Amino acid sequence: MAKLIYSAIASLDGYIEDEDGNFDWAVPDEEVHAFVNDLLRPLGIYLYGRRMYEMMVVWETDPTLAERSPLMRDFAETWQAADKVVYSRTLEAVSTARTRMERDFDPEAVRQMKASAGGDISVSGPDLAAHAFRAGLVDECHLFVAPILVGGGKRSLPDDVRVRLELLDERRFGGGMVYLHYRTKT
Ligand SMILES: NC(=O)c1ccc[n+]([C@@H]2O[C@H](COP(=O)([O-])OP(=O)(O)OC[C@H]3O[C@@H](n4cnc5c(N)ncnc54)[C@H](OP(=O)(O)O)[C@@H]3O)[C@@H](O)[C@H]2O)c1
């Protein structure tokens, strides 16, 4: 059975974007980027909310990104190799390969995806992931805490969900970010 993994880079006070919609403070440095690349590599499917998908398409549509560094090339190649499912009621068409769209988040369909997928599945951003948390579908969280308080914005985790967690791993990075790897307890 594949695991469903929620991943996010958030401020210490728990926001993935600040009140102005900025998240430049969450951009990974080279050390974090290399670590993220290794986390993503084994994943088979990415489930995206429409907003997160629109942020990520550049990894396929803008070839200049991959030319900037070996790390960015590695990320672009990993991203392009994975299957993607985009959840949206407004998007008319997807603009990347290996990508399909769903108009609704159907927990049973995701359960079936977990049962049949060859590799683990990620879910992001937080608006979409909240549905997965509420349905009890999230098995693990990869949370990166950035060394900043932003005071408000979009929360990285839903506020109407209670889940006990088991810490599986942690790591500190030179730039001040911390990685926390949790498993959800049933
Ligand atoms: N901290 C970081 O490192 C980082 C990195 C990248 C991006 N970000 C930020 O994160 C934001 C994205 O997160 P988000 O939580 O705002 O959005 P999201 O979860 O990526 O996308 C929300 C959209 O997904 C669709 N959706 C959600 N639930 C659905 C459902 N049950 N059925 C069908 N469609 C559904 C809807 O699209 P429609 O409106 O089309 O129906 C909804 O507006 C970005 O905009 C960016 O600012 C942060």
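Structure: see above.
Presented here is an overview of the structure given in this document. (Residues numbered from 1 in each chain as written. Predicted model: local features only at pLDDT ≥ 70, side-chain atom pairs only at ≥ 80, totals over all residues. Heavy atoms only, no water.)

1. A word on the site of the ligand
Here's step 1: Close to the ligand lie 23 residues, the nearest being Glu17, Arg51, Ser88, Thr90 and Asp127.
Here's step 2: Within the side chain of Ser88, a nitrogen or oxygen atom sits 2.5 Å from an oxygen atom of the ligand.
Here's step 3: Between Pro126 and the ligand, the recorded distance is 3.4 Å, taken from a backbone N or O atom to an oxygen atom.
Here's step 4: Taken by itself the ligand offers 930 Å² of open surface, and the protein chains cover 90% of this.
Here's step 5: Counting residues per element, the ones that place at least two in the shell around the ligand are strand S2 (15–17), helix H2 (50–56) and helix H7 (126–134).
Here's step 6: Considered class by class, the residues forming the shell around the ligand number 10 nonpolar, five polar and eight charged. (Near = heavy atom within 4 Å. Polar contact = N/O pair within 3.5 Å; in protein donor to acceptor, adjacent residues only side chain to side chain. Areas by Shrake-Rupley, 256 points an atom, 1.4 Å probe, with all protein chains shown as cover. Helix = DSSP H or I, 4+ residues; strand = E, 2+ residues; numbered from the N terminus. Nonpolar A, V, L, I, M, F, W, Y, C, P; charged D, E, K, R; others polar.)

2. Some points on the nonpolar core
Here's step 1: One finds Tyr46, Tyr53, Trp59, Phe75, Trp79, Phe144 and Phe173 to be the most contacted residues of the largest nonpolar core, which totals 28 residues.
Here's step 2: When residues no more than four places from it in sequence are discounted, the contact partners of Tyr46 are Leu40, Thr78, Trp79, Ala82, Asp83, Lys84, Val85 and Ser122.
Here's step 3: Core analysis: the second largest hydrophobic core is formed by 27 residues, Tyr6, Val123, Ala132 and Tyr182 among them. (Core = buried A, V, L, I, M, F, W, Y, C linked by side-chain atoms within 4.5 Å. Buried < 20%, exposed > 50% of the residue type's maximum accessible area, 1.4 Å probe, protein only. Contact = heavy atoms within 4.5 Å.)

3. Description of the sheet that holds strand S9 (residues 165–172)
Here's step 1: A sheet is described by the order of its strands in space; here eight strands give the open sequence S5-S4-S3-S6-S1-S7-S10-S9, paired in mixed fashion. Each edge of the open sheet carries a strand with a single partner, namely strand S5 (99–102) and S9. When the angles between neighbouring strand axes are averaged without regard to direction, this sheet yields 20°. (Pairing = 2+ DSSP bridges. Axes fitted to C-alpha atoms, helices over the stretch in contact; angles between N-to-C directions.)

4. A closer look at the packing of helix H1 (residues 30–40) against helix H5 (residues 70–81)
Here's step 1: Contact geometry for H1 and H5: axes closest at 10 Å, N-to-C directions at 25°. As judged from the angle between their axes, H1 and H5 are roughly parallel. Relative to H5, H1 is oriented so that their crossing is left-handed. In this structure, H1 uses Glu30, His33, Ala34, Val36, Asn37 and Leu40 to contact H5, whose residues at the interface are Leu71, Met72, Asp74, Phe75 and Thr78. (Parallel < 35°, antiparallel > 145°, perpendicular 65-115°, else oblique. Left-handed = near helix turned anticlockwise from the far one by under 90°.)

Honestly, that's just the spatial picture; any functional story needs more than this.
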